[in-house]
Amino acid sequence: MSDEIRKPPRVGLFVTCLVDLFRPSVGFASVKLLEDAGCNVEVPMAQTCCGQPAYNSGDRDDTVAIARNTIEAFEEFDYVVAPSGSCAGMLKKHYPALFKGDAHWETRAAAFAARVHELMSFLVDVLGMEKVDAVHEGTVTYHDSCAGLRELGIAGQPRRLLSSVSGLEMREMRDADVCCGFGGTFCVKYPDISNRIVEEKTSNIKASGAETLLAGDLGCLMNMAGKLQRQGMDVKVRHVAEVLAGMGDTPAIGKGNR
Amino acid sequence: MSGREGIIGKVRTALGAKAGDAARTRAVHERLLAAPQGVIPARGQLPHAKQVRLFCMMAEKVSASVQRVKKPDSVPRAVAAYLRAKNLPSAVRMGSDERLAAMPWHTMKSLEVKTGAADPEDEVGVSHALAGIAETGTVALYSGPRNPTTVNFLPEHHIVVVDAKDIAGDMETVLASLRQTFGKGKMPRTLNLITGPSRSADIEQTLLVGAHGPRALHLIVVDGG
Amino acid sequence: MQITSPAFKENARTALADPQLQKALVHVRSGFIDKRVKAMDALPEFDALRDSARAIKDHTLTHLDLYLERYEEKVREAGGVVHWAETADDARSVVLEICRAAGARTVTKGKSMITEEIGLNDFLEKEGVRPVETDLGEYIIQLRGEHPSHIIAPAVHVTRDQVEADFRREHDHLRPDRDLSEPEALLGEARRVLRAEYFSADVGITGANFLVAETGSSVIVTNEGNGDLTQILPRVHVVIASIEKVVPTLEDMSQILRLLARSATGQDMSVYTTVSTGPRRPDDPDGPEEYHVILLDNGRSSMLGTEFQDMLRCIRCGACMNHCPVYHAVGGHAYGWVYPGPMGAVLTPSLAGIDKSGHLPNASTFCGRCEAVCPMHIPLPKMMRHWREREFARGLNPATQRYGLRAWALFARHPRLYRLATSLALPALSFFTARRPRFRYLPLAGGWTRNRDLPAPPSRTFMQQWREREAEKQGAHA
């Protein structure tokens, strides 16, 4: 073992466009969790969006341009961390495929992808975090967002950290791993189908009896919160990072902003 | 023949392949010759006595009924008992299988044994299986005068006699023995792999046993075959 | 079959508003998902088998011409006849020729999606040949004048009550006091009616789950036994199969069989796996006197060598649709052609044209559940995205979407512009919210706010707040 004090890892936070615009508290909660875990967190101003709206609409040229920007903006960091399975999945799993055949960028994208992590996975799988120092009195249920679950294997990590929150009682809902119907542009292109899917989700949330709904992706959270509120259901909706960071006393999603 | 050349031509163009490419031809030839087995589940890879037990258990799991008898001579009595228990007429249909023919059917006085292909009036068919597959509780039967295929499907009750020594762990073992019998690349007209009685779940996904094939599959496993 | 995929959105709306259909669709979720997990969990080698099966199909597809030639040779050796059909039209003509030569008035049919693809039933009826579907589900929808809504459970959209009503309407011999309230009674009635049909048919038509090149065999996998009665009782057996069904050997078939039933219905094996090779042999007491195989291309060769080749690994188990939230919501008919769900969303554009089926690869949340359950590791979402790319390149998506996207991309590509635009947008949005915590309606966001509220954004972005925090920190340190 070296006597040298290990330098704290330098983490670039990929805020995600939805957090930037709709829920800054998720960004601050992420920063707090990372800093508490001993990271130096920076937020490069040159980031915008991961490019999924273009990518999933078949617009490859714009996606590639956005991907290049993102890779360049984060090249200097030890790690790139995003509080979203969907955006992290895009950066980690899809960026390298975008540059197939372009040797220079393929290498850069692969090196970049290797350093990208979704927040929960980073805390638990990379930093080895086992518990958080937070209090949340009440019952919660957790929705597994699709990209995080199926592209990045995020399921146990958030649950494990949540189990260490004092006062928190987990009430798993039925079909927690089934899509909420958000799907990015899907929810506005096919609103009727999206609505049917989210109705199924909110009825499972309701049946769980939990007071608070948590998930790791703001898109899904806004979708489910929007439906719960339209249905007049009194379930509070939050990003899982907010609760883990002990910031669960701020107004819930759709209940106001700081 | 134009359809043939059209399709083969389009496939070759799409694959960027040339007719008569020696390397590709060899790859195919070798693959067919080697017939690699791939992944064989551990489930059926057991000592033989345990394979027989697994076979019986798996067959019962798929709603077949299973009975074990000590020797071939006991089969007619077992069949007669089955007919009585199910309130069936005392008549069975079977092919000319030598193993079945050697059994003492004449000792079952009132039992009528009809031989040949099945007809729609037959209520009970008796077949002798080529083999049993322990992994899934499947019986393998093949067509011909010994065990006509119609006997497997037309009667409401299908009784299949399986010699315990013919029960194998997996399908691959049975396929290999078929190759031994018929020669490489050759097959009987019909090979039936039967796993339980016929069933359907086409109405509201409700599982119903007894669709177009037999409503009941009764397996008689002969230990000292 | 008439394609209604261009009207997918209207189809979906109708489906969502149909209480009978919604009631029936519950059975998709309850009938398949848990059973598949149980069967899979009981086989530790399941994932290894998936890899093995993928390798088998990939090898076969890259040597497809050679395996097809070999297959044909072996069928001929066994006394069968192979017919090659480049198009649906060609396949229908071959079937009709065979029926005419056999003097057929009635043909029985085993369950086959490929005959749906070529629209065989309507065609035969027009030509004076009566097709009779013998699979219970297929029989029900034939009585209803419908098409399958699921590739393995064709009548999954129909409730028991509807089946009873159909039987009472179509079966003249049914007395009104006959009790048909239980599914068993309905099955018994269908069994009785169809028994007579098997014997009156001159030709039996089945599909194939596999064609085995080693032996020239065709393989069907069924539970009811109708496929077997269809092929052993009539004088002529016709197999219709698409070219990608071929596998090299019986061992390869066995590998894939271990995945098929588990993925489809959660069975370890389907009840009947039947390997057929040629017509009746000289000493056979039963079986068909003629054995024909029609090999259909119908667009599949054009998928080879493209980003859609992996789709040809599909074994039609239906797991993708059984796990698809969109399929659960709208059912199979909304997709508007033969193949519904995720596999249909990839296959339909290939076979029927992206210009007609553009909605299908778009109507997915990319939740990835289909790919996760696909036994053949087919990257379905990736291929749906490839179709979106082709649509985008050809300018097939709506102009409003394209302009909106390009405008957004202009900002997303230029971070400074993006920062400026977002910092200006939020105060503008707060004007609309008038300090309410969320929107019930927002101009240009009707797709969202029609069904759900939209949380009101804060007045300043995260980035603005972060910069202030950093500046304060610097100030404090100074």
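1. Regarding the overall build of chain B
- Within chain B, the secondary structure is distributed over seven helices and twelve strands.
- Along the first, second and third principal axes, the C-alpha atoms of chain B reach 70 × 40 × 40 Å.
- Put simply, of all contacts in chain B between residues at least 6 apart along the chain, 71% involve residues at least 24 apart.
- Carbon and sulfur atoms form 53% of the exposed surface of chain B, whose accessible area is close to 9,200 Å².
- Positive and negative side-chain charges in chain B, numbering 29 and 21 respectively, have mean positions lying 6 Å apart.

2. Things to note about the domain arrangement of chain C
- Its domain assignment divides chain C into domain 1 (1-42 + 318-397), domain 2 (43-296) and domain 3 (414-477).
- For domain 2 of chain C versus domain 3 of chain C, the separation of C-alpha centres amounts to 58 Å.

3. Things to note about the interface of chain A and chain C
- At the junction of the two partners, chain A supplies 68 residues and chain C supplies 66 residues.
- Buried surface at the junction of chain A and chain C, summed over both partners, amounts to about 5,900 Å²; 61% is from carbon and sulfur atoms.
- Considering only the surface of chain A that becomes buried against chain C, Met 45, Tyr 190 and Arg 230 of chain A emerge as the three largest contributors, covering 12% of it.
- Ionic pairing is found between Glu 200 of chain A and Arg 29 of chain C, a salt bridge with its closest N-O pair at 3.0 Å.
- At the boundary of chain A with chain C, the tally comes to 33 residue pairs in polar contact (both at pLDDT 80 or more).
- Elements with a contribution of two residues or more to the side of chain A that touches chain C: α1 (17-22), α2 (24-36), α3 (52-55), α4 (60-73), α8 (146-152), α10 (186-189), α11 (191-208) and α12 (218-230) of chain A.

4. Description of the interface of chain C and chain B
- The partner chain B presents 74 residues to the 101 residues of chain C that form the contact.
- When chain C packs against chain B, close to 7,400 Å² is buried across both sides, 58% of that on carbon and sulfur atoms.
- Inspection of the region where chain C meets chain B yields 16 salt bridges.
- Residues Glu 214 of chain C and Arg 179 of chain B are paired through a salt bridge, measuring 2.7 Å at the closest nitrogen-oxygen approach.
- One can count 46 residue pairs in polar contact (both at pLDDT 80 or more) joining chain C with chain B.
- Tallying contributions element by element places helix α10 (residues 183-200) of chain C first for the side of chain C that touches chain B, with ten residues.
- Split into classes, the residues belonging to the side of chain C that touches chain B amount to 46 nonpolar, 28 polar and 27 charged.
- Summarising the sheet, strand β9 (residues 190-194) of chain B and strand β9 (residues 272-276) of chain C pair through five bridges and their orientation is antiparallel.

5. Side note on the state of the cysteines
- The final tally for this structure, using the stated rule, is zero disulfides over all chains.
- Distance from the sulfur of Cys 320 of chain C, which forms no disulfide, to the nearest cysteine sulfur (Cys 370 of chain C) is 6.5 Å.
- Of the residues examined, Cys 320 of chain C reaches a relative accessible area of 8% and is grouped as buried.
- You can see Cys 367 of chain C has no disulfide; the closest cysteine sulfur is in Cys 146 of chain A, sitting 4.6 Å from it.
- Among the residues examined, Cys 367 of chain C registers a relative accessible area of 7% and is labelled buried.

6. A closer look at the sheet that holds strand β6 (residues 166-170) of chain A
Residues and elements named next belong to chain A.
- Here we have four strands laid out as an open sheet, ordered β6-β5-β7-β8, and parallel in their pairing. One side of each edge strand has no neighbouring strand; the edge strands of this open sheet are β6 and β8 (236-239). Taking each pair of neighbouring strands and ignoring which way they run, the sheet shows an average axis angle of 35°.
- Across four bridges, strand β5 (residues 135-143) lies against strand β7 (residues 212-215) in parallel orientation. Bridging from a neighbouring strand, Thr 141 pairs with Leu 213 of β7.

7. Focus on the environment of Leu 66 of chain C
- By secondary structure assignment, the location of Leu 66 of chain C is in helix α4 (residues 64-77).
- Residues Leu 66 of chain C and Lys 9 of chain C lie 57 residues apart in sequence; the distance between their C-alpha atoms is 43 Å.
- Among residues more than four places away in sequence, those in contact with Leu 66 of chain C are Arg 12, Arg 24, Thr 25 and Val 28 of chain B.

8. Focus: the arrangement of the chains
- No other pair among the two pairs of chains in contact exceeds the contact count of chains B and C.
- In this view chain A stays clear of chain B, with the nearest C-alpha atoms of the two still 20 Å from each other.

9. Remarks on the pairing of strand β1 (residues 10-13) of chain A
- By the bridge criterion, three bridges tie β1 of chain A to strand β2 (residues 40-42) of chain A in an arrangement that is parallel. Looking at the pairing, Arg 10 of chain A lines up with Asn 40 of chain A of β2 of chain A.

10. A short note on the side chain of Thr 422 of chain C
- By the secondary structure assignment, Thr 422 of chain C is in helix α21 (residues 415-433).
- For Thr 422 of chain C, the residues in contact, after removing those within four places along its chain, are Asp 20 and Leu 21 of chain A together with Thr 461 of chain C.

11. Comments concerning the domain arrangement of chain B
- What the domain assignment lists for chain B is domain 1 (1-34) and domain 2 (43-222).
- Computed from C-alpha coordinates alone, the two centres of domain 1 of chain B and domain 2 of chain B are separated by 41 Å.

Procedures and definitions
Residues numbered from 1 in each chain as written. Chains lettered and ligands numbered in written order. Predicted model: local features only at pLDDT ≥ 70, side-chain atom pairs only at ≥ 80, totals over all residues. Heavy atoms only, no water. Helix = DSSP H or I, 4+ residues; strand = E, 2+ residues; numbered from the N terminus. Contact = heavy atoms within 4.5 Å. Areas by Shrake-Rupley, 256 points an atom, 1.4 Å probe, with all protein chains shown as cover. Lys, Arg positive; Asp, Glu negative; His and termini not counted. Charge placed at Lys NZ, Arg CZ, Asp CG, Glu CD. Domains from an automatic or database assignment. Buried area = accessible area lost by both parts, 1.4 Å probe. Salt bridge = Lys/Arg side-chain N within 4 Å of Asp/Glu carboxyl O. Polar contact = N/O pair within 3.5 Å; in protein donor to acceptor, adjacent residues only side chain to side chain. Nonpolar A, V, L, I, M, F, W, Y, C, P; charged D, E, K, R; others polar. Pairing = 2+ DSSP bridges. Disulfide = S-S within 2.5 Å. Buried < 20%, exposed > 50% of the residue type's maximum accessible area, 1.4 Å probe, protein only. Axes fitted to C-alpha atoms, helices over the stretch in contact; angles between N-to-C directions.

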